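Below are the chains, spelled out letter by letter.
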Amino acid sequence: MVQSAILGFPRMGVNRDLKKATEAYWAGNLSQEDLLTEAKRLRLAHWNIQKDAGVDIIPSNDFALYDQVLSHIQDFGAAPERYTNSNLNPVDEYFAMGRGHQKGGVDVSSLEMVKWFDSNYHYVKPTLQDNQTFKLSASPKAVVEFKEAKEAGINTRPVLVGPVSFLHLGKADRGQSVDPIDLLEKLLPVYEQLLVQLKQAGAETVQIDEPVLVFDLPSKTKAAFKPTYEKFAGLGDKIPKLVFTTYFGDIVHNIDLVPKDIYAVHIDLVRNPEQLETVAGALGPKTILSAGIVDGRNIWKTNLKRAIEIAETAIQKLGKDRVIVATSSSLLHTPHTLASEKKLDPEIADWFSFASEKAGEIAIIAKAVTEGPVAVREALEANAKSMNARATSKRTNDPKVKDRQSKIAESDYNRKSEFSTRISQQQKKLNLPLFPTTTIGSFPQTKEIRVQRNKFTKGEITEAQYDKFIEQEIDMNVKIQDELDLDVYVHGEPERNDMVQYFGERLNGYAFTTHAWVQSYGSRCVRPPIVVGDISRPAPMTVKESKYAVSVSKKPMKGMLTGPITCLRWSFPRDDVHQSVQAEQLALALRDEVIDLEKAGVDVIQVDEPALREGLPLRSGKEREAYLDWAVKAFRLATVGVEDSTQIHSHFCYSEFQDFFHAIAALDADVLSIENSKSDAKLLSVFVDSAYPRHIGPGVYDIHSPRIPSEQEIKDRIEEMLQYLKPEQLWIDPDCGLKTRQWKETKEALINMVNAAKFYRAKYAK
């Protein structure tokens, strides 16, 4: 019998229940007991969804109140002392590491948060000390949740982040010099204790995730795999059987690091199906292959015929007793259920499959390869009909878009003049001071904004009434910026629901959901639009609001757009057309918008590309360079149609620039704003080493935390930045948009930021 398995399930619940509970707890409106009760209810509901779908192997410990890596940090006693010495209870200590804490006499910032590989999910980085010790929690979360499922009559497979990946994905704390991988010998006893406890609790197998195997790894990390898994093998029957799990890429280049005597190995055959033959041939004689053939990262219905063919190929090589069919990765990256989508066009809805539906797909595949296709004939026939309907639909193809793409010329990728010429013209027009201050784009989305937007969506107020409300919000935002004395304003984006969804709703080629929420980080959820066909702009998207904002502002006003790569990466892209084609179509649509903004009197236009780094292929080489080539071209195609005096900005979140700095420079944006508030300022050295001539705003405080940075704290950050950047290069801004913050904390933080900038302005003016 071939079993079916899921590597992880979405946590938020069908109605974003976890988000609502955690935010109520943070606001003081829900007790800790009630929060934990709600979390337990969600776990049980999710296990039952998978059980009822017929899935054989159901994960536990894939749930987290904030982040799964953060849960490991706490369970392994790896929380830095600034948190453990704060006398917070375990739940509040956990949240303090994730989002900071500033009340009750405790003031700690959050740990660094970065993208989970090339996904839009963010994890909390393990942050380690030179004298680091590890100690297993008295009640390890993995054991507690396994027992919880067992009591409910569901036998699960606990999920752990593997020790090598945990350390490789970590970093030394500020002021520390430890190489995390050197802590392996200290960490392994904690894993051994945890695995023994799981075995004693009744766990037969454990999914141990080592996704870093898809990277080009340094020699020390490579060398860590053999002793780690030899030590686990030496424990024999004292621990559960281990499923060595990888995803998001191929592992052929690291195939020699896969333990030969491991119980099972999981590989991602959606992302890299070509690795099947090599990996299957390299497995130990008894090792089981877990074949990831249902996409854990996208929402398209699985082509069951193709998936079954891949599973059959694996069975031919290894036999039915040595193959498990599985999701390619955790389903964390997909929405909860398609059943919630009552307003989707039935034609399009038939093309989709969300997490709950994917559970059914994986069970169907397992039954098909175990009992034969005839056992699931109706399901296969319905699936084939869906595949054909999508392939032949007129919604997917627009000849006008393809014709415009065919006419793109090399000159369409270049600004009229070099930066040195542009910046002098821009300075003459904008007349900005040294250390100019600005924000990244969005201001707090208040309850009133959401209420009015909802009323407009439901038809309870007219378009004219809604437009008037938005103008009043822009007026207020401008007035606040007048009071703060910022140098370059933003209109605050009160009309926008999401930085990608807003644009997708105004472009041809997109489809939208009402409940297809996906966790981005913590309680933050996004509802990615879906690219279903060729993309074009039928009309201006932001010009009306930006033109009004310019008319009521006495200082330069930024026009705010989301870049082509981010629009693509933060959507669910098509899987039938290369992403470079989709990016180019988005770039042409945005090019029209940029030119229209300039015509409307907008002198500063910010085209955000926070997802540029996220899309970078995980390994260096031809694939990475090919991606950067088309991604940079897409950005330039979108932005270079303006005059020299129009200043182009771009924003990047959580980017390790040393990996792709040449591409950042090639974007040719006049001003970059980057997330650097929780990163070591040494990362800015790449701008010095490469003699970067353009302007930079490295983000002086963390907006993902509610804590308010002091003026001195911001001065200290600026002082660090000036070790790497020239005063005339440096812009002062938060590290991201302020949409998720409250007005009180926003104003207080910005007052401190402006005062710090003025201090340095006066200092360098002497």
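Residues numbered from 1 in each chain as written. Predicted model: local features only at pLDDT ≥ 70, side-chain atom pairs only at ≥ 80, totals over all residues. Heavy atoms only, no water.

Asks: How do you make sense of the UniProt feature "binding site: L-methionine" (unreviewed entry) in the chain when you look at a structure like this?
Replies: The residues that UniProt annotates with the feature "binding site: L-methionine" (unreviewed entry) are Ile440, Gly441, Ser442, Glu493 and Asp608. Taking the farthest pair of C-alpha atoms as the criterion, the annotated set spanning 169 residues converges on one region, since that pair is 13.7 Å apart. Positionally, Ser442 belongs in the loop between helix H16 (419-430) and helix H17 (447-458). With a relative accessible area of 9%, Ser442 lands in the buried category. When residues no more than four places from it in sequence are discounted, the contact partners of Ser442 are Gly492, Glu493, Gly737, Leu738 and Lys739. Here Glu493 lies in the loop between strand E15 (489-490) and helix H19 (501-504). (UniProt positions renumbered as here; feature names shortened; annotations may be inferred. Helix = DSSP H or I, 4+ residues; strand = E, 2+ residues; numbered from the N terminus. Buried < 20%, exposed > 50% of the residue type's maximum accessible area, 1.4 Å probe, protein only. Contact = heavy atoms within 4.5 Å.)

Asks: Mind showing me how you'd approach the side chain of Thr437 here?
Replies: Considering the arrangement of structural elements, one finds Thr437 in the loop between H16 and H17. Here Thr437 falls in the buried class, since its relative accessible area comes to 1%. Residues within four places of Thr437 in sequence aside, it is in contact with Asp485, Leu486, Asp487, Val488, Ile732, Met753, Val754, Ala757 and Arg761.

Asks: Honestly, the sheet that holds strand E21 (residues 604-608) in this entry has me stumped. Any pointers?
Replies: Strands pair in a sheet through their backbones, by hydrogen bonds, and they do so in one of two ways: parallel or antiparallel. The 6 strands are arranged E15-E20-E21-E22-E23-E24 in an open sheet whose pairing can be described as parallel. In this open sheet, the two strands that pair with only one neighbour each are E15 and strand E24 (695-697). With 3 bridges joining them, strand E23 (residues 671-674) and E24 adopt parallel strand pairing. Along E24, the bridge assignment pairs Ser673 with Gly697. (Pairing = 2+ DSSP bridges.)

Asks: How do you make sense of the packing of aromatic side chains when you look at a structure like this?
Replies: For any two aromatic rings, the description comes down to two numbers: the centre-to-centre distance and the angle of the planes. Within the structure shown, the criterion is met by 26 aromatic pairs. When the ring of Phe443 is compared with that of Trp743, the centres are 5.2 Å apart and the planes differ by 45 degrees; the resulting orientation is tilted. On the criterion of sequence distance, the pair formed by Phe443 in the loop between H16 and H17 and Trp743 in helix H27 (residues 743-765) is long-range, its members being 300 residues apart. Of the two residues, Phe443 and Trp743, both sit in the buried class. One aromatic cluster is present, built from ring pairs that chain together Trp116, Phe117, Tyr123, Phe215, Tyr247 and Phe248. The ring of Phe248 carries the charged tip of Arg297 above its face, separated from the ring centre by 4.6 Å. Sitting over the ring of Phe759, Lys715 keeps its end group 4.2 Å from the ring centre. (Phe/Tyr/Trp six-rings, centres within 6.5 Å; stacked < 30°, edge-to-face > 60°. Lys NZ or Arg CZ within 6 Å of the ring centre and 35° of its normal.)

Asks: How do you make sense of the UniProt feature "active site" (unreviewed entry) in the chain when you look at a structure like this?
Replies: According to UniProt, the "active site" (unreviewed entry) feature falls on His704. Along the polypeptide, His704 turns up in the loop between E24 and helix H26 (711-721). Owing to a relative accessible area of 11%, His704 belongs among the buried residues under this scheme.

Asks: I keep staring at the domain arrangement of the chain and nothing clicks. Help me out?
Replies: You'll often see interface size given as the accessible area lost when the parts meet. For the chain, the assigned domains are domain 1 (1-15 + 246-392), domain 2 (57-243) and domain 3 (424-764). The interface is formed by 23 residues belonging to domain 1 together with 23 residues belonging to domain 3. Between domain 1 and domain 3, roughly 1,800 Å² of surface is buried when both sides are summed, and carbon and sulfur atoms account for 61% of that area. By the criterion of area lost to domain 3, the three top residues of domain 1 are Met12, Trp300 and Glu341, representing 26% of everything that side buries. Counting across the domain 1 and domain 3 interface gives 2 salt bridges. For Asp575, the salt bridge is made with Arg390, and the minimal N-O distance between the two is 2.7 Å. Viewed at the interface, domain 3 and domain 1 are joined by 10 residue pairs in polar contact (both at pLDDT 80 or more). (Domains from an automatic or database assignment. Buried area = accessible area lost by both parts, 1.4 Å probe. Salt bridge = Lys/Arg side-chain N within 4 Å of Asp/Glu carboxyl O. Polar contact = N/O pair within 3.5 Å; in protein donor to acceptor, adjacent residues only side chain to side chain.)

Asks: In this structure, what is going on with helix H18 (residues 463-484)? I would like to understand it.
Replies: One turn of the α-helix equals 3.6 residues, which is why residues spaced by three or four share an orientation. For H18, built from 22 residues, the straight-helix expectation of 32 Å at 1.5 Å per residue is met to within 8% by its first-to-last C-alpha distance of 31 Å. Those residues of H18 lying buried are Tyr466, Phe469, Ile470, Glu473, Ile474, Asn477, Val478, Ile480, Gln481 and Leu484. Taken together, the buried residues of H18 touch H17, E15, helix H20 (543-551), strand E20 (557-562) and H27. Asp485 sits one or two positions beyond H18 and adopts a positive phi of about 65 degrees. (Expected span 1.5 Å × (residues − 1).)

Asks: Would you mind going over the sheet that holds strand E1 (residues 3-5) with me for this structure?
Replies: Strands sit in the order E1-E14-E13-E12-E11-E10-E8-E2 across an open sheet of 8 strands; the sheet is parallel. Bordering the open sheet on either side are E1 and strand E2 (58-60), each of which pairs with just one other strand. Between one strand axis and the next, the sheet turns by 30 degrees as a mean value, whatever way the strands run. Across 5 bridges, the pairing between strand E12 (residues 264-268) and strand E13 (residues 288-294) is parallel. Looking across to E13, one finds that Ala264 is bridged to Ile288. The strands that helix H2 (residues 32-52) touches are E2 and strand E8 (156-161); relative to E2, the one it contacts most, it runs at about 165 degrees. Along the sheet face, helix H9 (residues 219-234) touches strand E10 (205-209) and strand E11 (241-245) and points at about 155 degrees away from the line of E11. (Axes fitted to C-alpha atoms, helices over the stretch in contact; angles between N-to-C directions.)

Asks: Just to check I follow, could you spell out helix H8 (residues 184-201) for this structure?
Replies: Counted at 1.5 Å a residue, the expected span for H8 with its 18 residues is 26 Å, and the 26 Å between its end C-alpha atoms agrees. Among the residues making up H8, those that are buried are Leu184, Leu187, Leu188, Val190, Tyr191, Glu192, Leu194, Leu195, Leu198 and Ala201. Once H8 finishes, Gly202 follows within two positions and takes phi at roughly 110 degrees, a positive value.

Asks: Would you take a moment to explain the pairing of E20 for this structure?
Replies: The side chains of a regular strand alternate, first on one face of the sheet and then on the other. In terms of burial, E20 is largely enclosed, as 6 of its 6 residues are buried. Of the two faces of E20, the one carrying Met557, Gly559 and Leu561 and the one carrying Lys558, Met560 and Thr562 are both buried. As judged from the 2 bridges shared by E15 and E20, these two strands associate in the parallel manner. Within E20, the residue paired with Val490 across the bridge is Lys558. Pairing of E20 with E21, which is carried by 5 bridges, proceeds in the parallel orientation.

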